[in-house]
Amino acid sequence: MNARVMPPELIAAFDEEIRRLHARVSGVIGCVLATTDGRRVSAVVDNEADPQRVSAMVGSIVALGETIGREVMIGRTQFVAVSAVDGMILLQRVPARRDLLVVGTLARRHTNLGILLHETGITAEAAARTFDEWLGRDQPPA
């Protein structure tokens, strides 16, 4: 599954979650929700960053973090943080039944990493609930 086959109402729900994250933390300057194969699902970016290019890299970076985690035997990666001179990006898998989405949060340099991690996690969980609910619509009741 990729972003091209997600219905507009699902993408609209994801858009709302990404906008909420962007609004909750004052140091956040961008958020993307991407598929693990690098397709943009939703994005809000305040600077000149290209959301499609960022989305394309997000899945690769998370996959690399997970490969490193397995290789050094520390288990499954929970998040990947990239810290740079002028800011940071935090990447976290969306913990849905189908492991297909990643949230990326771009923030200014002095943003509190703990708050950023917490708020990105809240958004990843909300996106997971939204995605799982949508996936469950096609399932017959138990």
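Heads up: these notes are all about the structure in this document. All figures in this text were calculated on a predicted structure; none of them were measured in a lab.

Scoring rules and cut-offs
- Residues numbered from 1 in each chain as written.
- Predicted model: local features only at pLDDT ≥ 70, side-chain atom pairs only at ≥ 80, totals over all residues.
- Heavy atoms only, no water.
- Pairing = 2+ DSSP bridges.
- Helix = DSSP H or I, 4+ residues; strand = E, 2+ residues; numbered from the N terminus.
- Axes fitted to C-alpha atoms, helices over the stretch in contact; angles between N-to-C directions.
- Contact = heavy atoms within 4.5 Å.
- Expected span 1.5 Å × (residues − 1).
- Buried < 20%, exposed > 50% of the residue type's maximum accessible area, 1.4 Å probe, protein only.
- Polar contact = N/O pair within 3.5 Å; in protein donor to acceptor, adjacent residues only side chain to side chain.
- Salt bridge = Lys/Arg side-chain N within 4 Å of Asp/Glu carboxyl O.

## A closer look at the sheet that holds strand E1 (residues 28-35)
Consideration 1: Strand order in the open sheet made by the 5 strands is E2-E1-E5-E4-E3, with antiparallel pairing throughout. A strand with exactly one partner marks an edge of an open sheet, and here the two such strands are strand E2 (40-45) and strand E3 (79-84). Sheet twist, expressed as the mean angle between neighbouring strand axes with direction ignored, is 10 degrees.
Consideration 2: As paired strands, E3 and strand E4 (residues 87-93) are joined by 6 bridges and run antiparallel to one another. Opposite Ser-83, over in E4, you have Met-88 as the bridge partner.
Consideration 3: Helix-sheet contacts for helix H1 (residues 8-24) involve E1, E2 and strand E5 (101-108), and the interaxial angle to E2 is about 30 degrees.

## Structural notes on helix H2 (residues 51-71)
Consideration 1: An ideal rise of 1.5 Å per residue puts 30 Å on 21 residues; H2 measures up with 30 Å between its terminal C-alpha atoms.
Consideration 2: Burial in H2 covers these residues: Pro-51, Ser-55, Val-58, Gly-59, Val-62, Gly-65, Glu-66 and Gly-69.
Consideration 3: Against E1, E2, E3, E4 and E5 lie the buried residues of H2.
Consideration 4: The N-cap residue of H2 is Asp-50: its side-chain oxygen and the backbone nitrogen of Gln-52 are 3.0 Å apart.
Consideration 5: Looking at the residues trailing H2, positive phi occurs at Met-73, about 60 degrees.

## So, the pattern of salt bridges
Consideration 1: The full count for this structure, using the stated rule, is 10 salt bridges.
Consideration 2: The partner of Glu-16 in a salt bridge is Arg-19, and the shortest N-O contact between them spans 3.3 Å. A residue pair is termed a helical-turn pair when its members lie 3 or 4 positions apart in one helix, as Glu-16 and Arg-19 do in helix H1 at 3 residues.
Consideration 3: According to the relative accessible area criterion, Glu-16 is partly exposed, its value standing at 32%.
Consideration 4: Under the relative-accessibility criterion, Arg-19 is labelled partly exposed at 43%.
Consideration 5: Linking Glu-66 and Arg-76 is a salt bridge whose minimum nitrogen-to-oxygen distance equals 3.9 Å. Remark: Arg-76 occurs in the loop between H2 and E3 and Glu-66 occurs in helix H2; sequence separation between them is 10 residues.
Consideration 6: For Glu-66, a relative accessible area of 8% corresponds to the buried category.
Consideration 7: The network of salt bridges with common partners includes Glu-16, Glu-17, Arg-19 and Arg-20.

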